[in-house]
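Below, each chain spelled out in residue letters.
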Number of protein chains: 4
Amino acid sequence: MDGFSFSTDVRIRFAETDAQGIAHHASFVVWLEVARVAYLAAHAGGYQAIRDQGVEALTTEACVRYHRAAYFDETLRVWARCTDVRGARFRYEYRVERAGELVADGHTLHATVDRETYRPTRVPAWLAEAIARAESAAG
Amino acid sequence: MDGFSFSTDVRIRFAETDAQGIAHHASFVVWLEVARVAYLAAHAGGYQAIRDQGVEALTTEACVRYHRAAYFDETLRVWARCTDVRGARFRYEYRVERAGELVADGHTLHATVDRETYRPTRVPAWLAEAIARAESAAG
Amino acid sequence: MDGFSFSTDVRIRFAETDAQGIAHHASFVVWLEVARVAYLAAHAGGYQAIRDQGVEALTTEACVRYHRAAYFDETLRVWARCTDVRGARFRYEYRVERAGELVADGHTLHATVDRETYRPTRVPAWLAEAIARAESAAG
Amino acid sequence: MDGFSFSTDVRIRFAETDAQGIAHHASFVVWLEVARVAYLAAHAGGYQAIRDQGVEALTTEACVRYHRAAYFDETLRVWARCTDVRGARFRYEYRVERAGELVADGHTLHATVDRETYRPTRVPAWLAEAIARAESAAG
């Protein structure tokens, strides 16, 4: 996938479908989160490691464009990349594919806050560096 | 409803349906929780009040029997009663109805724990008394 | 609310919270849907009426911006308006408030399709007119 | 695991946690379904194959006992076995473990119905046989 070097697969659960017979659109928002968590596990020691250091990453925006319906038991590949780490903010972009076909794409924005005070706090340097390494490898 | 004096209504959301065209069975477990929260709001100052006093109520068992399918946009009435408050445990029983017709019934078991240590702690006396008052009124 | 004439209230369920202690961001996507369904019930005979006429409304885009965290048991007011009904497409805009304070805003895009073939089909005239009436009343 | 020959792993998603900081109890009901679907994929051609033959399997009862809390990002192993295939009914039993430690157990009951009429229909012979083979292998 052009510009993406990381992906994770999700299998559509029956509970994630709706009475239109397709995966409910809110399910995709959860799958993007699954991809972020897997990305951080692969590149930065995991999201729990970040939380353990007193930092929470809040989601401040989530946008998904749905191009094709997806169905129960299908396997979707969720490509994710982290871009624009700046101060206390970062951005993820996503492409969701089924056998190479675009099903959805989107982005999320995030803000890092102190876990106790919920005040904005800079993205920790080690995390910003881990992301920079991951994305430069994606070249 | 025989033996029940409290109920709350839920309207079935589209997101709660599945590809069988009916409300997904896990949705009912959430609705039972909605009924517990409403029950505590009506009788005991609300669940948040309990949490604010350093007590969490964990769910230790949840059982639902499904008698009829339920559909998008239907309004279900969830009857709830609290029974058997003993030590650090209590039990809820439920009937879920649609226009007087039984859709599901079930029960949940709960344990009260200290919010910091997660060790079992007796159901606070004021809560046990509020429940006793509520249920004796149901007589 | 400027430009909005319709709203519906949702009470945040415990199941909708996450380990950050706040309402999970995907929950908002479900609440926007709850507001759309309530809007159609108020203005156009309900979403089920639309489905009964052989039309499904697919969600083709969903975007939410989160301005403040929301918490268990809070009541949120979800303002919704339908804009830009064109051909087989329409758009909703939303503001989610807590006691008059902005918690989130966003929009969704939708496409109407034939329920059997899933091919695009124009928004039915009666529905477009019901929406136009609703929104002109909002003026 | 004594008496179980099939298991599937689930990784706890952030969206599946709640404000108690643990996996929400309704999430387990979804994981049991994930295990049933994986079991049928391993032993009987998949649940979609069953649906494709005009049969739906409804859930008529779901019970879960929670023994320990489970946390974000943990991997749980869900053991499942199908027992008591009789007429139009069958039963699953489950154990949910984390690193060999019991986290939850439970069962579900199911009824097979004709996909068009939703009338009870016998569990198809090929499915009953596939289940019998799977479970005798477990002996």
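Computed from a predicted structure; not experimentally measured.

Thresholds applied
- Residues numbered from 1 in each chain as written.
- Chains lettered and ligands numbered in written order.
- Predicted model: local features only at pLDDT ≥ 70, side-chain atom pairs only at ≥ 80, totals over all residues.
- Helix = DSSP H or I, 4+ residues; strand = E, 2+ residues; numbered from the N terminus.
- Rg over C-alpha atoms; globule rule 2.2 N^0.38 Å.
- Buried ≥ 20, exposed ≤ 12 C-beta atoms within 10 Å, placed from the backbone.
- Core = buried A, V, L, I, M, F, W, Y, C linked by C-beta atoms within 7 Å.
- Contact = placed C-beta atoms within 7 Å.
- Nonpolar A, V, L, I, M, F, W, Y, C, P; charged D, E, K, R; others polar.
- Pairing = 2+ DSSP bridges.
- Axes fitted to C-alpha atoms, helices over the stretch in contact; angles between N-to-C directions.
- Least-squares fit on C-alpha atoms with pLDDT ≥ 70 in both.
- Expected span 1.5 Å × (residues − 1).
- Parallel < 35°, antiparallel > 145°, perpendicular 65-115°, else oblique.

**Student:** Where do I start with the overall build of chain A in this structure?
**Tutor:** The helix and strand tally for chain A stands at three helices and five strands. Seen in sequence order, chain A has helices and strands lined up from the N terminus as β-α-α-β-β-β-β-α. For 139 residues, the compact-globule formula gives about 14 Å, and the C-alpha radius of gyration of chain A, at 15 Å, lands near that figure. Residues classed as buried in chain A amount to 42% of the 139 residues present.

**Student:** What am I meant to see in the nonpolar core here?
**Tutor:** Nonpolar side chains in soluble globular proteins tend to be buried together. Within the largest apolar cluster, 164 residues are counted, with the highest numbers of intra-cluster contacts made by Val78(A), Val78(B), Val78(C) and Val78(D). Val78(A) has contacts with Ser7(A), Thr8(A), Val10(A), Trp31(A), Leu32(A), Ala35(A), Tyr94(A) and Val96(A), leaving out every residue within four places of it along the chain.

**Student:** Is there a simple way to think about unusual backbone geometry in this case?
**Tutor:** Apart from glycine, the bulk of residues carry a negative phi angle, and the bulk of peptide bonds sit in the trans form. Phi at Ala99(B) takes a positive value of approximately 50 degrees, unusual for a residue other than glycine. Along the polypeptide, Ala99(B) turns up in the loop between β4 (89-98) and β5 (101-114).

**Student:** When you look at the interface of chain C and chain A in this model, what are you seeing that I'm missing?
**Tutor:** Quite often, the size of an interface is put as the accessible area lost when its parts meet. The interface of chain C with chain A comprises 14 residues on the first partner and 14 residues on the second. Contributing elements (two or more residues each) for the side of chain C that touches chain A: α1 (25-43) and β2 (55-66) of chain C. Counting residues per element, the side of chain C that touches chain A draws most heavily on β2(C), at nine residues. In the side of chain C that touches chain A, the residues fall into seven nonpolar, four polar and three charged. Pairing between strand β2 (residues 55-66) of chain A and β2(C): five bridges, direction antiparallel. Bridged to Arg65(A) within β2(C) is Glu61(C).

**Student:** Is there a simple way to think about the sheet that holds strand β3 (residues 75-86) of chain D in this case?
**Tutor:** The strands making up a sheet are joined through hydrogen bonds of the backbone, oriented either antiparallel or parallel. Taken in spatial order, the ten strands of this open sheet run β1(B)-β3(B)-β4(B)-β5(B)-β2(B)-β2(D)-β5(D)-β4(D)-β3(D)-β1(D), and their pairing is antiparallel. Unpaired on one side and paired on the other, β1 (6-11) of chain B together with β1 (6-11) of chain D mark the two borders of the sheet. Neighbouring strand axes in the sheet, compared pairwise and without regard to direction, differ in orientation by 25 degrees on average. Pairing analysis gives six bridges linking β1(D) to β3(D), with the strands arranged antiparallel. Paired with Val10(D) across the two strands is Leu76(D), which belongs to β3(D). Helix α1 (residues 25-43) of chain B rests against β1, β2 (55-66), β3 (75-86), β4 and β5 of chain B together with β2 (55-66) of chain D of the sheet, and its axis sits at about 65 degrees to β3(B).

**Student:** Would you mind showing me how to read the relation of the copies chain C and chain A here?
**Tutor:** Note that the two copies of the chain are related through a rotation about an axis and a translation along the same axis. The transform that puts chain C on chain A rotates by 180 degrees and translates by 0.0 Å along the axis, for an RMSD of 0.0 Å. The two molecules are tied by a two-fold rotation axis, judged by turn and shift. The C-alpha atom lying nearest the rotation axis in chain C is that of Cys63(C); the distance is 2.0 Å. Same-surface contact between copies: 100% of interface residues of chain C are shared with the interface of chain A.

**Student:** Please explain the sheet that holds strand β3 (residues 75-86) of chain C as it appears in this structure.
**Tutor:** Read across the sheet, ten strands follow the order β1(A)-β3(A)-β4(A)-β5(A)-β2(A)-β2(C)-β5(C)-β4(C)-β3(C)-β1(C) without closing on themselves; strand pairing throughout is antiparallel. Both outer strands of the open sheet, β1 (6-11) of chain A together with β1 (6-11) of chain C, are each paired with one neighbouring strand and no more. Neighbouring strand axes in the sheet, compared pairwise and without regard to direction, differ in orientation by 25 degrees on average. Across the sheet, helix α1 (residues 25-43) of chain A touches β1, β2, β3 (75-86), β4 (89-98) and β5 (101-114) of chain A together with β2 of chain C, and the angle it forms with β3(A) is around 65 degrees.

**Student:** Just checking my understanding: could you explain the relation of the copies chain D and chain B for this structure?
**Tutor:** After a rotation of 180 degrees and a shift along the axis of 0.0 Å, chain D superposes on chain B with an RMSD of 0.0 Å. When the interface residues of chain D are mapped onto chain B, 100% of them again lie at the interface, so the same face is used by both copies.

**Student:** Teacher, can you tell me more about α1(B) here?
**Tutor:** An α-helical segment advances 3.6 residues per turn. Residues three or four places apart therefore align on the same side. Residues and elements named next belong to chain B. Compared with the 27 Å implied by 1.5 Å per residue over 19 residues, the 28 Å span of α1 between its first and last C-alpha is a close match. The element α1 is extensively covered by neighbouring structure, given that 15 of its 19 residues are classed as buried. Positive backbone phi, approximately 80 degrees, marks glycine 45, located one or two places after α1.

**Student:** Hey, could you run me through the interface of chain D and chain B in this one?
**Tutor:** Taken together, the contact pairs 14 residues of chain D with 14 residues of chain B. For the side of chain D that touches chain B, the secondary-structure elements that each account for two or more residues are α1 (25-43) and β2 of chain D. Examining the composition of the side of chain D that touches chain B, we find that nine residues originate from one element, β2(D), more than from any other. For the side of chain D that touches chain B, the per-class residue count stands at seven nonpolar, four polar and three charged.

**Student:** Would you explain the packing of α1(B) against α1(D) in this entry?
**Tutor:** Packed helix pairs are specified by the crossing angle of their axes together with the interaxial distance, meaning the distance between the axes. At their nearest, the axes of α1(B) and α1(D) sit 9 Å apart, and the two run at 170 degrees to each other. Relative to α1(D), the element α1(B) is oriented roughly antiparallel. Contacts from His25(B), Ala26(B), Val29(B) and Val30(B) of α1(B) reach α1(D) at His25(D), Ala26(D), Val29(D) and Val30(D). Here the contact of α1(B) with α1(D) is built from residues that sort into six nonpolar, two polar and no charged.

This is a description of form; function is not addressed.
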